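# Fold and contact review
Chain by chain, the residues run as shown.
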Amino acid sequence: MGKIKLAIAGVGNCASSLLQGFEYYRDKATADSAGLIHPIIGGYTLADIQVVAAFDVDRRKVGRPLEEAVFAPPNCTTIFHRELPSYGVKVRMGPVLDGVARHMADYPESKAFRVAAEKPCDVAGVLRESGADVLVCYLPVGSEDAVQHYAQACLDAGVAMVNCVPVFIASHPEWSQLFREKNLPVVGDDIKSQLGATIVHRMLAWLMCQRGVRLDRTYQLNTGGNTDFLNMLEQHRLRTKRISKTESVQSQLDTPLPDDCIHIGPSDFVPWQKDNKICFLRTEWRGFGDVPMNMEIRLSVEDSPNSAGMAIDAIRCAKVALDRGIGGPLDEISAVCMKHPPKQASDAESRERLERWIAGTV
Ligand SMILES: NC(=O)c1ccc[n+]([C@@H]2O[C@H](COP(=O)([O-])OP(=O)(O)OC[C@H]3O[C@@H](n4cnc5c(N)ncnc54)[C@H](O)[C@@H]3O)[C@@H](O)[C@H]2O)c1
């Protein structure tokens, strides 16, 4: 079995957890390992993923060896595996475009992005030279132009894409068609955490339909203290994030709720929470006899390892698709791993379809 050559756009907290995970599971990826859905996919373990290129724009990351850059501020996620190998990869300067929100300058260096003064590299050229198979995109929410720039670079360089950002590529008719025409796999959009607010909220919505009760109103309020939450203080960057998160829950209901009865989204930045995300979830429903009832849940999760647990499957499925000559949006893995896939389905049905896809029987 060959290696999966991986490029990373955005060396933030999610990238940090992903790289730590590759090492953490190097010798202990079994069916019983906590945190893994698939120890092996299409013959690939996590030890088969080799990072060959990385892009960022922060002056504390650009030009540095990747194994140092992932631990540079403002990254603040839990370090569960400090020792990373020497990848022989220096972080390259990407095009900033709309990647950095203006209000970042109003916050201290330890919490916010600081743009490097370097000239941007030719992303497609670097991808070609590195021999990357798959690029995983971890740019900030609201980076429409920047994410599209990396998507175009993938198309130009012949690289598959896993888009973890709520900028619509795999689920956008024109972008997905471009990947189809080049026979390149694309997985997206907006990574769905392994066990986070979205999957819990979706399962509750689905459960209520199964049990014949009528959901009347629901909210999901999320707070965090990482740069993802700081970035999302700017409301206009949040448009597609709200669409992605809301549609993800609405898709599980037989009858979608009216807009003014569902409120889902990032709600505030609380600096000392760092990468710990707190979710307050409330559902109000009517049961037998139209009698009103409600439920409140408080979820506390470490955001970035929670996303890496899904990205590792998305990356390996993208490579399996390359091996099998499959291009365009990968519906099966996207429905399991992403909040805004090209096609929504129930999580149980999606998981079953994915297992058949991995086994090569669909
Ligand atoms: N559970 C999760 O953590 C989760 C879930 C769903 C979606 N996501 C999404 O994944 C993305 C990454 O999350 P994160 O927590 O790693 O964010 P982060 O803020 O820690 O990292 C973003 C990185 O992108 C870099 N960057 C900014 N503009 C750039 C550009 N033009 N080119 C290259 N790099 C650029 C920043 O310097 C930073 O290092 C976000 O969009 C987030 O919303 C994360």
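Here, residues in each chain are numbered from 1, in the same order as that chain's written sequence. Only residues with pLDDT of at least 70 are given local features in this predicted model, and only at 80 or more are side-chain atom pairs given and counted; all residues enter the totals for whole chains, interfaces and linings. Side-chain metrics in this entry use all non-hydrogen atoms of the structure; hydrogen atoms and water are not considered.

## So, the sheet that holds strand S10 (residues 292-302)
Just so we agree on the cut-off: Being paired, for any two strands, means DSSP has found at least two bridges between them. Numbering goes from the N terminus for both helices and strands, where a helix is a DSSP run of H or I of at least four residues and a strand is a run of E of at least two. Helix axes use the C-alpha atoms of the stretch in contact, all axes being lines fitted to C-alpha atoms, and the angles between their N-to-C directions lie in the range 0 to 180 degrees. The contact definition used throughout considers only heavy atoms, calling two residues in contact when any of these lie within 4.5 Å.
Spatial ordering of the open sheet is given by S8-S7-S9-S10, a layout of four strands whose pairing is mixed. Both edges of this open sheet fall to strand S8 (262-269) and S10, since each of them pairs with a single strand only. The sheet shows a mean angle of 10 degrees between the axes of neighbouring strands, taken without regard to direction. Judged from the nine bridges that link them, strand S7 (residues 214-224) and strand S9 (residues 276-286) form a sheet pairing that is antiparallel. Each residue of the ladder has a partner; that of Thr218, found in S9, is Thr283. Its contacts with the sheet put helix H8 (residues 239-250) on S7, S8 and S9, and the angle it makes with S8 is roughly 140 degrees.

## A closer look at the site of the ligand
The condition is simple: Nearness is judged by heavy atoms alone; a residue qualifies as near a molecule or strand once a single heavy atom is within 4 Å of it. Think of a polar contact as two N or O atoms within 3.5 Å of one another; within protein, one of them needs to be a possible hydrogen donor and the other a possible acceptor, and neighboring residues in sequence only count if both atoms come from side chains.
As a structural note, the neighbourhood of the ligand is formed by 32 residues, with Asp56, Pro95, Leu139, Thr227 and Asp303 the closest of them. The contact in question runs from a nitrogen atom of the ligand to an N or O atom on the backbone of Pro95, over 2.8 Å. Ser193 places a side-chain nitrogen or oxygen 3.1 Å from a nitrogen atom of the ligand. Going through the elements one at a time, helix H1 (13-24), strand S2 (49-56), helix H4 (144-157), helix H7 (227-231) and helix H9 (303-324) are the ones with two or more residues in the shell around the ligand.

## Some points on the pairing of strand S5 (residues 160-163)
Our working rule: A simple rule labels every residue: compare its accessible area, found with a 1.4 Å probe on the protein chains alone, to the largest value its type can have, and call it buried under 20%, exposed over 50%, or partly exposed in between. For crossovers, right-handed means that the path from the first strand over the helix to the second runs clockwise, given strands pointing away from the viewer.
Side chains Ala160 and Val162 project from S5 onto one buried face, and the interleaved Met161 and Asn163 project onto a second face that is buried too. A crossover links strand S4 (residues 134-137) with its parallel partner S5, the connecting element being H4, and its sense is right-handed. Taken together, S5, helix H5 (residues 173-181) and strand S6 (residues 185-187) form a β-α-β motif whose crossover is right-handed.

## Some thoughts on the sheet that holds strand S3 (residues 92-93)
One open sheet holds the seven strands; their spatial order is S3-S2-S1-S4-S5-S6-S11, and the pairing between them is parallel. At either end of the open sheet lies a strand with only one pairing partner, and these are S3 and strand S11 (328-329). Relative to S2, strand S1 (residues 4-9) is paired through six bridges, and the arrangement is parallel. Looking across to S2, one finds that Lys5 is bridged to Gln50. Along the sheet, H4 makes contact with S1, S2, S4 and S5, crossing S5 at roughly 155 degrees.

## A look at the side chain of Lys245
The test is simple: Positive: Lys, Arg. Negative: Asp, Glu. His and the chain ends are not part of the count. We define a salt bridge as a contact between a side-chain nitrogen of Lys or Arg and a carboxyl oxygen of Asp or Glu at a distance within 4 Å.
In this fold, Lys245 is placed in helix H8. Buried and unpaired, Lys245 has Asp190 as its nearest opposite-charge partner, separated by 6.7 Å. Those residues in contact with Lys245, other than ones at most four positions away along the chain, are Thr198, Gln220, Asn222, Ile264, Gly265, Lys277 and Lys339.

## Topic: the packing of helix H6 (residues 197-210) against H8
Using the following cut-off: The cut-offs work like this: below 35 degrees is roughly parallel, past 145 is roughly antiparallel, 65 to 115 is roughly perpendicular, and the gaps in between are oblique. Residue type decides the class: Asp, Glu, Lys and Arg count as charged, Ala, Val, Leu, Ile, Met, Phe, Trp, Tyr, Cys and Pro as nonpolar, and the leftover types, Gly among them, as polar.
Close contact between H6 and H8 brings their axes to 8 Å; oriented N to C, the two are set at 30 degrees. The angle between H6 and H8 falls in the class roughly parallel. Across from Thr198, His201, Arg202 and Ala205 in H6, the residues of H8 making contact are Lys245, Ser248 and Val249. Here the contact of H6 with H8 is composed, by residue class, of two nonpolar, three polar and two charged.

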